[in-house]
Every structure is written in C-alpha cells, then in structure tokens.
Amino acid sequence: MTNELYQSVGEIKSGLEILLKAEVRNEEKRRRLYERIEVVERQNEKLLDQQEVIRSRLQKAEVMVDEYKRIKQMGRGWMLGAAMFGGGVTLAVSDWVTAAIKAIGR
C-alpha cells in the first residue's frame, strides 16, 4: 500500500510540476503579449497625434487653395474684361479708320 501511495504522490507531484511549468510559460507569453499591446497603443497614439496635425495643416491648406481659386477666377474675369475692352477698342478704331478711308476716298 505504501508503494502505491508513494507512486500516486509522485504522479501528482509530476503533474503539478508540469502545470507549474506551463503556468510559467503562459505568464511569459502574456507578458510578451502585453508588451506588444503597449507598443501598438503607443504607435496608435502617435498616429492619432500625426493625424490631428495633418488635419489642421489640411484645413489651412484648404483655405489657401480656396483663396487661390478665388483670385484665379477674378484674374480670369479681369483678363476676359480686358480682352473684351481691347476687342471693342479695336472695332471702334477699325470703324473710324474705315470711315476715314471712305471719307478720303470720296
């Protein structure tokens, strides 16, 4: 009976040792997992900060682009107006020159 008891105790002891070793391995795996999670969280925070900076720069750039478009449109309007004025002046001068030539030719 004593041998069987010692054998049973030995089996229980070896089973507990296996469980303890597994627990140590699992603790190490959890520690590494938590470290990776912390790294990912820090990277995520950096990315969120960068995103906020980019968003503010983009808003400033959008204002500048809108202003540029407005100025460009105004410039086109002024050029079109100048071209129309030049065309009108050219037609008026042409009419005067034609009338002057006709008057001289009579």
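Data block above holds the structure.
Here the structure is a predicted model, which is why all the values come from computation and not from measurement.

S.K.: How do you make sense of the overall build of the protein chain when you look at a structure like this?
M.R.: Of regular secondary structure, the protein chain possesses one helix and zero strands. A compact globule built from 106 residues should have a C-alpha radius of gyration of about 13 Å, whereas the protein chain, at 45 Å, is more than 25% larger. In the protein chain, buried positions account for 0% of the 106 residues. When the accessible area of the protein chain is evaluated, it comes to approximately 10,200 Å², of which 64% is carbon and sulfur surface. Computed over 19 positive and 16 negative side-chain charges, the separation of the two mean positions in the protein chain equals 13 Å.

S.K.: Looking at this structure, how should I read the environment of Ile18?
M.R.: One can find Ile18 in helix α1 (residues 2-105). For Ile18, a relative accessible area of 56% translates into the label exposed. Sequence separation between Ile18 and Gln59 is 41 residues; the distance between their C-alpha atoms is 61 Å.

S.K.: Looking at this model, I keep getting lost on the pattern of salt bridges. Mind explaining?
M.R.: Here the idea is simple: oppositely charged side chains can pair when their charged atoms come close. Under the counting rule described, the total for this entry stands at six salt bridges. Between Glu28 and Arg32 there is a salt bridge, with its nearest N and O atoms 3.7 Å apart. With Glu28 and Arg32 both in helix α1, this residue pair falls four residues apart, about one helical turn. Accessibility expressed as a relative area gives 33% for Glu28, which makes it partly exposed. Taking the shortest distance from any N to any O, the salt bridge between Glu35 and Arg31 comes out at 2.5 Å. With a gap of four residues between them, Glu35 and Arg31 both fall in helix α1, about one helical turn apart.

S.K.: Would you take a moment to explain a negative patch on the surface for this structure?
M.R.: Residues Glu38, Glu41, Glu45 and Asp49 make up a contiguous surface patch of negative charge. Tracing the backbone shows Glu41 in helix α1.

S.K.: Looking at this structure, how should I read a nonpolar patch on the surface?
M.R.: On the surface, a cluster of nonpolar side chains totalling about 630 Å² of accessible area is made up of Phe85, Val89, Val93, Trp96, Val97 and Ile101. You can see Trp96 is positioned in helix α1. Its relative accessible area of 62% is what places Trp96 among the exposed residues.

How each quantity is defined
Residues numbered from 1 in each chain as written. Predicted model: local features only at pLDDT ≥ 70, side-chain atom pairs only at ≥ 80, totals over all residues. Heavy atoms only, no water. Helix = DSSP H or I, 4+ residues; strand = E, 2+ residues; numbered from the N terminus. Rg over C-alpha atoms; globule rule 2.2 N^0.38 Å. Buried < 20%, exposed > 50% of the residue type's maximum accessible area, 1.4 Å probe, protein only. Areas by Shrake-Rupley, 256 points an atom, 1.4 Å probe, with all protein chains shown as cover. Lys, Arg positive; Asp, Glu negative; His and termini not counted. Charge placed at Lys NZ, Arg CZ, Asp CG, Glu CD. Salt bridge = Lys/Arg side-chain N within 4 Å of Asp/Glu carboxyl O. Patch = residues over 30% accessible without salt bridge, like charges linked within 9 Å, V, L, I, M, F, W, Y side chains within 5 Å.

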